[in-house]
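If you want the building blocks of each chain, they are given just below.
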Amino acid sequence: MTRAAEAALLFGAALLAALGVTMVNLVGGGGLDAQVALTFMTMAIAFGAVHVAIRSFAPEATATLLPPVALVSAFGMIEIYRLDPYRASLQRWWLLLGAAAAIVTLAWLSRTGLNALRRYRNVMFLLGVGLLLLPMLPTTGGLPVRGLEANGSRLWILVDLGFVQLNFQPGEVAKILFVGFLAAYLADRNLALTGARRKIGPLAIPEPRQLAPLVLVWAASLGVLVVQRDLGASLLLFAVFVAVLYAATGSGGYLTGGALLATVGAVASWRLFDHVDRRVTAWLRPFSDYEDAGYQIAQGIFALGTGSLSGAGPGLGRPDLIPFASTDFIFAAVGEEFGFAGSVAVLCSYALIVATGFGIALRTRDPFRKLLAAGLAFGLGVQVFLIIGGVVRVVPLTGITLPFMSYGGSSLLGNFVLVAMLARISHEEAA
Amino acid sequence: MNGPTRRLATSLFLGFLVLLGSVTWIQVIGVDRYRDDPRNARTSISESGKERGIIVAVDGTVLARSEPDPEDAQSFLRVYPAGPAFAPIVGYTSRLAGSAGLERGFAEELRSRRDLTPSDLLAALFGRDLRPRSLQVTILPELQQAAYDALGGARGAVVAIDPATGDLLAYVTSPSFDPQTLTGDDAVAVREELLADPDEPTRDRAGNELVRPGSTFKTIVTAAAFETGTYTPETTFADTAAFQLPGSEASIANADGNPCGNGREVTVQTAFVRSCNTVFAALAIEIGAPQIGRIAERFGFGESIELPWSTTASLFPTEELEQDPAALGQSGIGERDVRATPLQMAMVAATIANGGETMTPRVVSQIFDADGETVESFEPRSLGNPISQPVADTMSELMERVVTEGTGRRAAVPGVRVAGKTGTAEGVEGAPDVWFIGFAPVENPRIAIAVMVEDGGDAGGSATGGGVAAPIAATVIDRWLSIRP
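Residues numbered from 1 in each chain as written. Chains lettered and ligands numbered in written order. Predicted model: local features only at pLDDT ≥ 70, side-chain atom pairs only at ≥ 80, totals over all residues. Heavy atoms only, no water.

**Q** Quick question: what am I supposed to make of the environment of A:L126 here?
**A** Residue and element names in this part refer to chain A. Considering the arrangement of structural elements, one finds L126 in helix α5 (residues 121-133). The class for L126 is exposed, based on a relative accessible area of 59%. In this structure, the C-alpha to C-alpha distance between L126 and F181, residues 55 residues apart in sequence, is 9.4 Å. (Helix = DSSP H or I, 4+ residues; strand = E, 2+ residues; numbered from the N terminus. Buried < 20%, exposed > 50% of the residue type's maximum accessible area, 1.4 Å probe, protein only.)

As structure tokens, then:
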């Protein structure tokens, strides 16, 4: 696909967002107004600028990465506007900021090259850990950065700059830093990890020394679950870690070991923690536990079911009946108003983004960049799977964001950087 | 290194396929289930304010209609002029409280299609009529109201059926509520209040409450015995004051503690007319659980009926009772493990009245469009023949004797031959649930009826089916005579 086609598709996504906002307006008796213009301009400027940045900083990058991102972003914009126009105005700023972050990433990487990141391996690790720990800062006091508890989880920080207060979820950025660290670390000591095996019966397992990092990260992600009560981030972190380890070594023992540890952790936390138990109950029996824990999931299913094949139409459904519709349940909101057709469009777009990411990883020869691309693509895919799976009852609901669609700045910012990195890897491979 | 990466990608795509499958299940296959779930307010919200069709009885009584909203020219209000007696049939549709009854079951037909959904626009393009359609119901409004009044606020139910067609003539649950109260802005609070009421006015006692049928179940046991061909009304049993249950310390006595007749031997006919427990415990054990279970199932036990609202299936646990003769003896007189809904017992009476053929209960006779033209009519449908014509005729004779000379004398109505069977189901605790099932006129039955009053109504612990339920049945049958269509 050519760059010109990419530009045309991005323009189409901006038009789609503007059209959707217009339709929402029509339902309320309005029509073409400033909101429509602002939506179109924001989308066009944000994605147009990233497009131009790719042209100048990563001209050889694949052109199939950005258009599906713009499409899901358009769906998200319409539904957030439909649910809460004020949030939509904030989301527009975040979209511009996210695009800016992507451009800065592209510009910086084009100066230094991706392999420069390898040198900052330990910095990335420490930064990632630091970001994960940030929400544990005291919630009160005079510090400009404070922890924030929301919906029973401790995964937000409040940045108080005096004139403006921003909520930020540092885990979204930490995810990328960890993938970067892992890719660099494993690219350096790949051989050590694939080396000696110990035989126990028919199972060949790696030396305990090699399993140590696995257990360490397992403990860390359980820590995230226990201390921050964040099921989603915990699972995501662990899954990405195991996946990158497996991609680097090709040793199935890590998968088996990871699956075992994850099962143990999952069952234990289900037995031990009320908030996990509630989620499992809501997952298995949303309708019999309707008045309590199951309410949100049941409403999401009602929304999707009522949307049926063609959907209620933008502004004509009632996604506002779903708690947290614009964040955790944005997929149900799209499914209700755009129907099965919209759901499939969203799923296919994500599949295309993830497939492009993996395609980049497969074509790349340099081990660091290959692992980086695979880790980023896998992380994005697992995140999409976990949250959509939570909405459609494939897995228990874990409150993580749907990349590029959910309302929220940290998620947009982090995922824009992620896409910029994938584009850069793609460029370096082709160049 | 590409092998593992490929496998990671593949597993992720399998995961995405699972998502796609689940979304397909929810949005394509399971649509009806989720869209029509009563807790899903979306449908009733989108329908509120729009014009809907009327629900009307054969005699022209309007049970539900839409009126222009005086405060909003664009909008309509839903009105239920017929009141609480009709709530279990008509139901309601409410922006805040969901929907129920015919309003829910026929929501697709009743709604206006002029609301610009893509499928409606497509239908209009092909010349379909988009105006709301209306329902004609089989309920006789005067009979429905009379039956509701006859229960006098007691917890109970009355179901009346036309035996030849299966038409529901009355479907009453008491106490009830005014569906209009659920259409206002305070609907949520009203619903909370209704749900908190200990008398449970929103409960459908006619079709969704399982009660021990007491001696009315003897109709099924007797019919099952006659169906074997070895028993007749003249078959005799030992006449004792108490029947010792096999393998158990317990025994079964008659209601008055005396033998049924002369104390030596007694015919099935006499035992039926006087409702003697000793004989029916023995008879049930003799013919066995499989035979009773088979006939009960043919009468409709074990199956729920969509009216279109769902009703609960009545129960006769054949396999358990086969292992436990003592429990079978007790179940043979409608106690212990047998449970039935008033709807089910009305169907039993209707089947006997109709010469052994059960007709599918029907509430809506036709759907018509805004011009009054019939769009769809529902013809009477047979559910099968649980018993033969001769057995039905014999049962009819026995049941008439119950009313002329037995426990059901207070169901008698001057000027019409009434047949029936009483029931007094002693619960484990509290006052008995009392029953009367029957039909009239015996020579050409046009109405079959089941009356059930929980905990004996006002009579409390001393209540019997003959004393409490039979007079209610008489009132309803008497009323039917005066309006006979």
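What follows picks up the thread again.
**Q** Sorry, what's going on with the pairing of strand β2 (residues 62-69) of chain B here?
**A** Regular strands have side chains that alternate between both faces of the sheet. Residues and elements named next belong to chain B. Relative to β2, strand β1 (residues 55-57) is paired through two bridges, and the arrangement is antiparallel. Across the sheet, residue I55 finds its bridge partner in β2, namely A64. The antiparallel hairpin formed by β1 and β2 contains four residues in its connecting segment, where G60 sits at a positive phi of about 95°. (Pairing = 2+ DSSP bridges.)

**Q** Is there a simple way to explain the state of the cysteines in this structure?
**A** Cysteine pairs can be linked by a disulfide, which is a covalent bond between their two sulfur atoms. Residue and element names in this part refer to chain B. Inspection of every chain in the model, using the stated rule, returns one disulfide over all chains. The residue that forms a disulfide with C260 is C276, at a sulfur-sulfur distance of 1.8 Å. Since a negative S-S torsion denotes a left-handed disulfide, the C260-C276 link at about 80° is right-handed. Placement of C260 in the loop between β11 (251-253) and β12 (265-267) and of C276 in the loop between α11 (268-274) and α12 (277-287) is noted, with a sequence separation of 16 residues between them. With respect to class, C260 is no different from C276; both count as buried. (Disulfide = S-S within 2.5 Å.)

**Q** What's the story with the interface of chain B and chain A in this structure? I'm lost.
**A** Where interface size is given, it is often the accessible area lost as the parts come together that is meant. Chain B puts 30 residues into the contact, and the matching count from chain A is 51 residues. Together, the buried faces of chain B and chain A total about 3,600 Å²; carbon and sulfur atoms form 75% of this surface. Linking chain B with chain A are one salt bridge. Across the pair B:R42 and A:E336 runs a salt bridge whose closest N-O atoms are separated by 2.9 Å. Our enumeration of links across chain B and chain A arrives at 13 residue pairs in polar contact (both at pLDDT 80 or more). Elements with a contribution of two residues or more to the side of chain B that touches chain A: α1 (2-29), α2 (31-35) and α3 (42-47) of chain B. Sorting elements by how many residues they give to the side of chain B that touches chain A places α1(B) first, with 20 residues. Residue classes in the side of chain B that touches chain A are distributed as 17 nonpolar, seven polar and six charged. (Contact = heavy atoms within 4.5 Å. Buried area = accessible area lost by both parts, 1.4 Å probe. Salt bridge = Lys/Arg side-chain N within 4 Å of Asp/Glu carboxyl O. Polar contact = N/O pair within 3.5 Å; in protein donor to acceptor, adjacent residues only side chain to side chain. Nonpolar A, V, L, I, M, F, W, Y, C, P; charged D, E, K, R; others polar.)

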